[in-house]
Amino acid sequence: MNIRLLAKRNIQGNAQRYLAYFFSIVLSVSIFFIYASFIFHPDVVHADIPGGKLISRGLIAAEIVIIIFSVFFIAYSNAAFIQPRKKEFGLLTLLGMSKSQLRKLIYLEQTMVSLISILIGVGLGFLFSKLFLMAISWLLAVEQPISFVFVPEAFIYTIVGFILLFQLLSLFSLFQIGNAEVVDLLKDKQKPKKTPFVSKWLVALSAVCLSISYYLACTLSLNNSYIRVLPIVFFVLIGTYFLFSQSIVALCSRLYRKKKSLYGGTNLITQTNLIFNIKDYSRLFFLTSIITAVILTAAGTLFMFSADLKKQGMDNIPQSIGWVENDASVYSVIEPSAVEKILKEDGFKILYEVNMTGVPITHMLPHMRTGEPNENRSLLISESDYNNAAALRKIEPAKLSGKEALYIFPYGGLDYQFVHKGEQKELHFGNGTIQVTMAGQRNQSIVAPIKAATTLMVVDDQLYHEITADVPLKEMARVRGYEVKDWEESMETSSEIEQMSNNHNQLQTRAPIYQEMKQGSILILFIGLFVSLLFFIVQGSMMYLRVFTNLEDKKIQIHALHRLGLTKKEIRQILSAEIRILFFAPFLIGVIHAIVAYVALSNLLESNLFAYSSMVIATYFLFQLLYYQVTKKMYERAVINSIK
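Since we're looking at a predicted model, the values are computed, not measured.

Turning our eyes to something else, we now look at helix H19 (residues 551–563). Here H19 contains 13 residues, and its C-alpha end-to-end distance of 18 Å stays within 8% of the 18 Å for a straight helix at 1.5 Å per residue. Residues Leu-551, Lys-554, Lys-555, Ile-558 and Leu-561 constitute the buried set of H19. Projection of H19 onto a plane perpendicular to its axis shows the buried side chains occupying an angular sector of 130°, all on one side. In H19, the exposed positions that point more than 90 degrees away from the buried face belong to Ile-556 and Arg-563.

Here's what the structure looks like:
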């Protein structure tokens, strides 16, 4: 027998252990190839596809994520394959195999698996790339579907890239075994496991780090998000690592001391196995819980943003069609009658209209970054006009008296307070100046936030009439708006209205902006779900590898327990409990991390996303449950069938 044949038979003998790893690599290569086929597609390269360049950038980012993730997964898997076979390598060395031959054997095994995975992955990717191009064509709503062509660059980058990746990681894994002595290899499995040590300080550090990260996330806002993201990630990683390596160990040790529950049923065996293996599991628990949190957060964010897009459009663009006339005495942007005529001809029902006038004013506001006072422009409107528009949008009315004023900032996601209740402020209009007392600030939009009407200053009706008594109409601004039923379908109508207008910068239509954002979000969701699926398969494969890594040791233990009188039913209970902990302990922590992220996202979007997040978590749980059931059945069959 030569080394090549021995490597081939080793792969066949360990086929069950290689199964999940092989499937994950095939999926990674397939997705990478499909994305590369689009990135290097001639129509994308020559910009013949509308939006193709934008999607290409997103896919390039996804490719980088896949490569980085593959590095960690392959490195982890190689270590998982080598560790349980150290005794086998020791015996081969004892029988006369040199260290160079042993390295060659390991190298050949990993190279064979990698080449087969890459070839099958590229083949499946090429097979399904046509469906991917069809889906992208449908999402982009292009007139001619993207043609299916042979893309040499996709083959070259995928095959060469993954071969180099496997070769480098294979060479690295050789150092894990190459310099070990024969006695160390033979006795590696015989080394007794020590009772895990727990540090109270590290347990406390875990609790503090997670508390800080959760507080920062739950109080996240649009204006502080850019400085909080990295600290949140840092504290979550530190807290989660010590949660599994210290806090969970401390909890297991505490449960182990409760003798009453310990001696019930098969608890003694289950808890003993857990407490002595928890240190070995801690790194896997940490990785899979973080992966779970990333999958749920990414997929949930994309799904929730897409599902909440309509509400965001209505919040940020108050009316379906809105515009601002700088001269309130004439209609220079577009005639209202022309807008009404087009809407009527196209069959759109007008739900309400907005028509208000205001006086452009200037006042001082602090800069968001520096806090230094800067001159800002707003439109001064009356309380009645504001309350009429607010009622149409089901917003709480303003209640002002005397020389009180209310500042209206149109972007709800930004919670920065430019003014404070009780603050004195000077408003300048034309040649006049008036001092008002601020009644506060509202971050909401009631009319199209365009030019002069971007921000509003609301004052009492009587005060408004006193200010505007001597202001001619031509020095005032007029805000018009129409809300229509089924506005999402008004793309062509909105386009026609925009073409009729004399000043596009003074006009805002909701449907085109909404449809563009919807198309972009669906594409991002489509791409993100592919990557999330890959992450899910990989983290499941890591658990599968961990289960089957200790298969031989588990068989020896179960044989001994069976001889002592344990039934097959009790053995199944022990195996099920161990796998259940392995699959669902990190899942629970990952879900908690994701829920905190959902709370932060809800605060940013100012929406209740409970229903959406519940759907995402429930879907993920069902997939996790399915993966658990398959792994459990295969593991139980492998162990119990060995009992004679």
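Let's shift gears to the pattern of salt bridges. Applying the stated criterion to the full structure yields three salt bridges. Arg-480 is the partner of Glu-353 in a salt bridge, and the nearest nitrogen-oxygen pair spans 2.6 Å. Residue Glu-353 is located in strand E2 (residues 350–366), and its partner Arg-480 is located in strand E8 (residues 477–484); the two are separated by 127 residues in the primary sequence. A salt bridge links Glu-483 to Arg-510; the nearest nitrogen and oxygen atoms lie 2.9 Å apart. Taken together, the positions of Glu-483 in strand E8 and Arg-510 in helix H18 (residues 510–549) put the pair 27 residues apart, joining distant regions of the chain. The exposure class of Glu-483 is buried, given its relative accessible area of 5%.

With that settled, consider the packing of helix H17 (residues 491–500) against H18. Between H17 and H18, the least distance of the axes is 8 Å, while the angle of their chain directions is 125°. What the angle tells us is that H17 and H18 run oblique. Viewed along their axes, H17 and H18 form a crossing whose handedness is left-handed. Contact with H17, carried on its side by Met-491, Ser-494 and Glu-498, involves Ala-511, Pro-512 and Gln-515 of H18 and no other residues of that element.

Let us now look at the packing of H18 against helix H21 (residues 610–640). Put simply, H18 and H21 touch, their axes get as near as 11 Å, and they point 25° apart. The orientation of H18 relative to H21 falls into the category roughly parallel. When the axes of H18 and H21 are compared, the crossing they make is right-handed. Contacts between H18 and H21 involve Phe-536, Ile-537, Gln-539, Gly-540, Ser-541, Met-543, Tyr-544, Val-547 and Phe-548 on the former and, on the latter, Tyr-620, Phe-623, Gln-624, Tyr-627, Thr-631, Met-634, Tyr-635 and Ala-638.

Next up on the list: a positive patch on the surface. A surface patch of positive charge is lined by Lys-568, Arg-572, Lys-633 and Arg-637. Those elements that provide at least two residues to the positive patch are helix H20 (568–605) and H21. Mapping Lys-633 onto the fold places it in helix H21. Owing to a relative accessible area of 49%, Lys-633 belongs among the partly exposed residues under this scheme.

Reading the values: the criteria
- Residues numbered from 1 in each chain as written.
- Predicted model: local features only at pLDDT ≥ 70, side-chain atom pairs only at ≥ 80, totals over all residues.
- Heavy atoms only, no water.
- Helix = DSSP H or I, 4+ residues; strand = E, 2+ residues; numbered from the N terminus.
- Expected span 1.5 Å × (residues − 1).
- Buried < 20%, exposed > 50% of the residue type's maximum accessible area, 1.4 Å probe, protein only.
- Arc of directions from axis to C-beta.
- Salt bridge = Lys/Arg side-chain N within 4 Å of Asp/Glu carboxyl O.
- Axes fitted to C-alpha atoms, helices over the stretch in contact; angles between N-to-C directions.
- Parallel < 35°, antiparallel > 145°, perpendicular 65-115°, else oblique.
- Left-handed = near helix turned anticlockwise from the far one by under 90°.
- Contact = heavy atoms within 4.5 Å.
- Patch = residues over 30% accessible without salt bridge, like charges linked within 9 Å, V, L, I, M, F, W, Y side chains within 5 Å.
- Areas by Shrake-Rupley, 256 points an atom, 1.4 Å probe, with all protein chains shown as cover.
- Lys, Arg positive; Asp, Glu negative; His and termini not counted.
- Charge placed at Lys NZ, Arg CZ, Asp CG, Glu CD.

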